[in-house]
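Structure assessment
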Amino acid sequence: MKKPAAVKLLEARGVPHRLVRFDPAIRSAEGVAAATEVEPERVFKTLVVEEEPPRGRPYLVMVRGSAELDLRRLAAQLGVKRLRMAAPADAERLTGLKLGGISALALTGRGFRVLLDASAMAHETVLVSAGERGADVELPPGDLAALTGARLVEV
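Residues numbered from 1 in each chain as written. Predicted model: local features only at pLDDT ≥ 70, side-chain atom pairs only at ≥ 80, totals over all residues. Heavy atoms only, no water.

1. Description of the layout of surface pockets
Rules: The rule is simple: put a 1 Å grid over the protein atoms alone, call a set of points where a 1.4 Å probe fits but cannot get out a cavity, call an open set with protein on both sides within 12 Å along at least five of seven lines a pocket, and count a residue as lining if it has an atom within 4 Å of a point. Grid points are joined across faces, edges and corners, and a volume is the space filled by probe spheres set on the points. The numbering of helices and of strands both runs from the N terminus, where a helix is a DSSP run of H or I of at least 4 residues and a strand a run of E of at least 2.
When its volume is computed, the largest pocket comes out at roughly 540 Å³. As for the largest pocket, its lining consists of 27 residues, of which R27, K45, T46, L99 and G100 are closest to the centre. Going through the elements one at a time, α2 (29-36), β2 (44-51), α4 (88-95) and β6 (126-132) are the ones with two or more residues in the lining of the largest pocket.

As structure tokens, this is what we get:
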């Protein structure tokens, strides 16, 4: 089985991590948590968020799987007027990755603006997508932020 893009990056940079695989049909953070035996609050999803109207690359926002993203609050933190969630087809087109497999780690160096929910820093490790459905990587949140150039935000 070939390695996901995020794993190749982590190995190249010498970052300690663990690849976890699960049924690609699982589409919720709660399902991933159960399948990987990790606490749900440590499973983070990556959302594609655009300025409205769209300008520049979208944001990749990593938030707790159970969290609802407050777009107004996020816009205020970023100093922009309005944000919107990218439509599923747009998220796939903009990132080149399938929903359920969108990963800031797999997209490093491609000009995306990356944001990480500050709550991640309360954990020793977090799980994020490895760049394909059915595969996550577990790694320290500080390493995740450093590798992706993520700005910490309160969602």
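What follows continues from the structure just given.
2. A few points about the environment of R110
Relative to the helices and strands, R110 resides in the loop between α4 and β5 (113-117). Spatially, the C-alpha atom of R110 lies 9.2 Å from that of T95, the residues being 15 residues apart in sequence.

3. A look at the packing of aromatic side chains
Short version of the rule: Only the six-membered ring of Trp is used, alongside the rings of Phe and Tyr, when aromatic pairs are assigned; centres must lie within 6.5 Å, and planes under 30 degrees apart are stacked while those over 60 apart are edge-to-face, with the rest tilted. Counted as over-ring charges are cases with an Arg CZ or a Lys NZ within 6 Å of the ring centre that also lie within 35 degrees of the ring normal.
Going through the model one piece at a time under the given rule, you end up with zero aromatic pairs. The positively charged end of R57 is found above the aromatic ring belonging to F112, 4.4 Å away from the centroid. The residue whose ring lies beneath R113 is Y59, and the NZ or CZ to ring-centre distance is 4.0 Å.

4. Thoughts on the environment of F22
Note the following rule: Contact criterion: two residues are considered in contact whenever any of their non-hydrogen atoms come within 4.5 Å of each other.
Assignment of secondary structure puts F22 in the loop between β1 (18-21) and α2. With 113 residues separating them in the primary sequence, F22 and A135 have C-alpha atoms 6.3 Å apart. Those residues in contact with F22 that lie beyond four places of it in its chain are V32, A35, T36, G134, A135 and D136.

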